[in-house]
Amino acid sequence: MKKLLLFATIFLGLSTLMSAQYNLPSVYQNNPKIKPVITPRIQLRTIDPALIQLTKSGRNSNGRHYGRVLMRLKNVGAINYRSSRNQQSVQLYRNGRFVRSFRFTNLRAGQNIDFVHTYTEPIYRGEFATKDKWEVRIAYDPDIYNDGNNNNDDRNRRNNYLMRLVGQ
């Protein structure tokens, strides 16, 4: 009796889930010749490297500015990101000009990696404080989605870019 009740509960739950996940418009239900392409609405277990932080700090001393830019990368997905060398990097730009690239390969689910760029530059007398535009982005090899490795396919590219306007 318990097995029958368990089976009925599982069957009812799966049928409810399937009907909720794949609601077909009536045109598909009324015309058997049309075959819809069914894709799941929600992908719960994904691979998703994301840029979650971009901060700039610095200090002025003896006519020089000492700056530090911190970038934080995190796999916000639930599956480990596994890749080969030189297939992806975090790239830093200042006022539209490329500054530096940081390479990474593997990223466990939930793992953070911090990248730090430090620099020194002179402060000119009478110079107005300007706002710098700092940008950071994840750059992938052009063939990363065709390399046969599904463990390095980023499922959400909308979180691969950050920008900050900061003054000295």
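Keep in mind that what you see is a predicted model, and the values were worked out from it rather than measured.

A.B. asks: Talk me through the packing of aromatic side chains; I want residue IDs and the actual numbers.
C.D. replies: Enumeration over the complete set of coordinates arrives at four aromatic pairs. Centre to centre, the rings of F102 and F115 are 5.2 Å apart; their planes meet at 40°, and the pair counts as tilted. Pair noted here: F102 is in strand β4 (residues 97-103) and F115 is in strand β5 (residues 112-122), with a separation of 13 residues, a long-range link. Cation over ring: R59 sits above Y66, and NZ or CZ is 4.7 Å from the ring centre. Geometry around Y93 places R137 over its ring, the cationic atom sitting 4.7 Å from the centre.

A.B. asks: Please set out the environment of R72 residue by residue, giving values where relevant.
C.D. replies: In this fold, R72 is placed in strand β2 (residues 64-75). Residue classification places R72 among the partly exposed residues on the basis of a relative accessible area of 22%. Sequence separation between R72 and N112 is 40 residues, and the spatial gap between their C-alpha atoms is 6.6 Å. Apart from residues no more than four positions distant in its own chain, R72 is found in contact with A50, L51, I52, Q53, N112, I113 and D114. Within the structure, R72 has its side chain in polar contact with the side chain of D114 (distance 2.6 Å).

A.B. asks: Please give an account of the sheet that holds strand β1 (residues 49-61) that cites residues and values.
C.D. replies: Two pairing modes exist for strands in a sheet, parallel and antiparallel, and in both the strands are linked by backbone hydrogen bonds. Across the sheet, which stays open at both edges, the three strands sit in the order β1-β2-β5 with antiparallel pairing between neighbours. Looking along the sheet, the strands with just one partner apiece sit at the ends: β1 and β5. Recorded for the sheet is a direction-independent mean angle of 15° between the axes of neighbouring strands. Strand direction decides the pairing type here: β1 and β2, joined by 12 bridges, are antiparallel. Paired with L51 across the two strands is L73, which belongs to β2.

The rules behind each value
- Residues numbered from 1 in each chain as written.
- Predicted model: local features only at pLDDT ≥ 70, side-chain atom pairs only at ≥ 80, totals over all residues.
- Heavy atoms only, no water.
- Phe/Tyr/Trp six-rings, centres within 6.5 Å; stacked < 30°, edge-to-face > 60°.
- Helix = DSSP H or I, 4+ residues; strand = E, 2+ residues; numbered from the N terminus.
- Lys NZ or Arg CZ within 6 Å of the ring centre and 35° of its normal.
- Buried < 20%, exposed > 50% of the residue type's maximum accessible area, 1.4 Å probe, protein only.
- Contact = heavy atoms within 4.5 Å.
- Polar contact = N/O pair within 3.5 Å; in protein donor to acceptor, adjacent residues only side chain to side chain.
- Pairing = 2+ DSSP bridges.
- Axes fitted to C-alpha atoms, helices over the stretch in contact; angles between N-to-C directions.

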